[in-house]
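Survey of secondary and tertiary structure
Spelled out from the first residue to the last, the chains are:
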Amino acid sequence: MRHRKTPFIFGFLVVPVALYILLVIWPYLQTFGYSLTDWSGASSEMNFVGLDNYTKLFQDSAFLGALQHNLLLLIVLPLATILLALFFAFMLNVGGKSGTGGVQGVRGSAFYKVVFFFPQVLSVAILSVLFQGVYRTDKGGLLNGVLIGLGIVDEQHPWDFASNPTFGLWCVMGVIVWSGVGFYLVLFSAAMQSIPKDIYEAAMLDGAKRGTTFFKITLPLLWESIQTAWVYLAIAAMDAFALVSTMTPGAYYGGGPDHHSEIMATLLMRNFITFGKAGYACAMGVVIFFITLVLSVVSLRVTRREKIEF
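Computed from a predicted structure; not experimentally measured. Numbers given to residues run from 1 along each chain, matching the order in which its sequence is written. The predicted origin of the model limits local features to residues at a pLDDT of at least 70 and limits the giving and counting of side-chain atom pairs to 80 or more, whereas totals for whole chains, interfaces and linings rest on all residues. Heavy atoms throughout the structure, all of them, feed into the side-chain values; hydrogens and water do not.

**Overview of the overall build of the protein chain**
- Numbered from the N terminus, helices here are DSSP runs of H or I no shorter than four residues, and strands are runs of E no shorter than two. When its secondary structure is counted, the protein chain shows 13 helices and two strands.
- In terms of its C-alpha atoms, the protein chain occupies a principal-axis envelope of roughly 80 × 75 × 30 Å.
- For the exposure calls, accessible area comes from a 1.4 Å probe over protein chains only, and a residue counts as buried if that area is under 20% of its type's maximum, exposed if over 50%, partly exposed in between. Evaluated residue by residue, the protein chain yields a buried proportion of 39% over its 310 residues.
- Two residues qualify as a contact provided that any one of their heavy atoms is within 4.5 Å of a heavy atom in the partner residue. At a minimum sequence separation of 6, the contacts of the protein chain that also span at least 24 residues come to 62%.

Structure, rendered in structure tokens:
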């Protein structure tokens, strides 16, 4: 085996690498090629236009607005999801005290983990239908029903959350955070369970408070998991197509009203399928790819820390 190690490894890698090149790398290269043409997507005819699509892209107010919305998602989504998941994971694992003075999670923590994780098993279609009911524009909607019951909103003039230029994108962000917190709670809980409870007990015997143990013990030891979560959530923030297209108003793929909830993915699909601007849409896809790639690399670099062992 030692003398034939290279052929052995090559034999296992050649098929996966070939499939990866065929199914991943090649479509990326094709997309970049199409972005340099005026291809309509419906015919084989296309003319080379060079970088004209990219020049138009950064002069397109709709695209620049969608880019701003994606950047807003990029800031709010990872921050809110990770903070909530860390807080709940900390409380469910080391937020309580045992009868002997040791450290343990709050009572019923195993049940709470299942409840928090439940939204993760719901498909995007179910989430969309569920929250369309929550945001309904009458007293039958959950939020309007509560607001009308409290006397904050007039029954004859309920709030239209998803169609409101101010609230539309924030409503979608709320759904994404709600559905994602459970997954990262489980991820952080698994990492916390690998931390010896003796460390917490020793710190508390020395007079450390809960906040101190979180920032001085939990956070540094969970940093690699947080780094991974941040990268995944940054990628999710650059997408969010399914929920935006189904929950916000607008002709073809949502994004309304008047592009106030538009993101790059919905604008791409509208140009590709509805307007027949496949080359222009491919240019958007290339830009999204490079933004996501740069963000992932920067996130990994910025959040890099020396590994702490115990």
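**Let's talk about the pattern of salt bridges**
- For this analysis, a salt bridge means a side-chain nitrogen from Lys or Arg found within 4 Å of a carboxyl oxygen belonging to Asp or Glu. All told, the structure shown has one salt bridge when counted by the stated rule.
- The partner of glutamate 262 in a salt bridge is arginine 270, with the nearest N and O atoms 2.8 Å apart.
- Judged by relative accessible area, arginine 270 falls into the buried class, the value being 7%.

**Thoughts on helix H3 (residues 61-94)**
- Given the number of residues in a helix, its expected span is that number minus one, multiplied by 1.5 Å. Along its 34 residues, H3 runs 49 Å from first to last C-alpha, staying within 8% of the 50 Å computed at 1.5 Å per residue.
- Put simply, aspartate 60 is the residue that caps the front of H3, since its side-chain oxygen is 3.0 Å from the backbone nitrogen of alanine 62. Each polar contact in these results corresponds to two N or O atoms within 3.5 Å; when the atoms are within protein, one needs to be able to donate a hydrogen and the other to accept it, and residues that are neighboring in sequence are counted only if both atoms are side-chain atoms.

**Thoughts on helix H12 (residues 264-274)**
- Residues of H12 that are buried include every one of Met264, Ala265, Thr266, Leu267, Leu268, Arg270 and Asn271, and no others.
- For H12, the elements touching its buried residues are H3, helix H11 (241-247) and helix H13 (278-302).
- A positive phi of about 65 degrees marks glycine 276, the residue just after H12.

**Let's talk about the nonpolar core**
- What is meant by a nonpolar core is a set of buried Ala, Val, Leu, Ile, Met, Phe, Trp, Tyr and Cys residues, joined one to another through side-chain atoms within 4.5 Å. If you look at the biggest cluster of nonpolar residues, it comprises 51 residues, and the most contacted ones within it are Leu86, Tyr135, Phe188, Leu222 and Ile226.
- Elements that contribute at least two residues to this core include exactly H3, helix H5 (124-134), helix H6 (142-149), helix H7 (168-192), helix H8 (197-205), helix H9 (210-221), helix H10 (223-237) and H11.
- Dropping the residues within four chain positions of it, phenylalanine 188 is found in contact with Ile82, Ala85, Leu86, Ala89, Leu222, Ser225, Ile226 and Ala229.
- Counting residues in hydrophobic clusters, the runner-up holds 18 residues, among them Phe63, Met238, Leu268 and Ala283.

**Remarks on the environment of glycine 108**
- Among the structural elements, glycine 108 can be located in the loop between strand S2 (103-104) and helix H4 (109-117).
- Note on glycine 108: relative accessible area 38%, which makes it partly exposed.
- C-alpha of glycine 108 to C-alpha of leucine 221: the two residues are 113 residues apart in sequence and 25 Å apart in space.

**Overview of the side chain of arginine 270**
- Structurally, arginine 270 is set in helix H12.
- Of the polar contacts made by the side chain of arginine 270, one reaches the side chain of glutamate 262; its length is 2.8 Å.

**Overview of unusual backbone geometry**
- With phi around 60 degrees, alanine 240 is a residue other than glycine that occupies positive phi space.
- By secondary structure assignment, the location of alanine 240 is in the loop between H10 and H11.
- Its identity as a non-glycine residue notwithstanding, histidine 259 has a phi of 70 degrees, on the positive side.
- With respect to the helices and strands, the residue histidine 259 is situated in the loop between H11 and H12.

**Quick look at the packing of H12 against H13**
- In contact at an axis separation of 8 Å, H12 and H13 are set at 160 degrees when each is read in the N-to-C sense. Overall, the two elements H12 and H13 adopt an arrangement that is roughly antiparallel. For the pair H12 and H13, the crossing hand works out as left-handed. For the pair H12 and H13, contact is made by Met264, Ala265, Leu267, Leu268, Asn271 and Phe272 and by Ala278, Tyr280, Ala281, Cys282, Met284, Gly285, Ile288 and Ile291, respectively.
- Three categories are distinguished: nonpolar for Ala, Val, Leu, Ile, Met, Phe, Trp, Tyr, Cys and Pro, charged for Asp, Glu, Lys and Arg, and polar for the others, with Gly belonging to the last. A class-by-class count of the residues in the contact of H12 with H13 yields 12 nonpolar, two polar and no charged. Angles shown run from 0 to 180 degrees and are taken between the N-to-C directions of axes, each axis being a line fitted to C-alpha atoms and, for helices, limited to the stretch in contact. Angles are sorted into four bins: roughly parallel if under 35 degrees, roughly antiparallel if over 145, roughly perpendicular if 65 to 115, and oblique for all others. By convention, the crossing between two helices is left-handed when the near helix turns anticlockwise from the far helix through less than a right angle, and right-handed when the turn is clockwise.

**Some remarks on the packing of aromatic side chains**
- Aromatic rings from Phe, Tyr and Trp, with only the six-membered ring used for Trp, were paired whenever their centres fell within 6.5 Å, and each pair was classed as stacked if the ring planes differed by under 30 degrees, edge-to-face if by over 60, and tilted otherwise. What the rule picks out here adds up to 14 aromatic pairs.
- Pairing phenylalanine 58 with phenylalanine 63 gives two aromatic rings, centres 5.8 Å apart and planes at 90 degrees, and the pair type is edge-to-face.
- Put simply, the rings of Tyr28, Phe289 and Phe290 pair up and form one aromatic cluster.

**Quick word on the confidence of the model for the protein chain**
- On average, residues of the protein chain score 85 in pLDDT, and 93% of them are at 70 or above.
- Across the protein chain, the element-wise mean pLDDT spans from 61 in strand S1 (residues 96-97) up to 94 in helix H2 (residues 52-57). Across the chain, each position has a pLDDT score giving the predictor's confidence in that residue, from 0 to 100.

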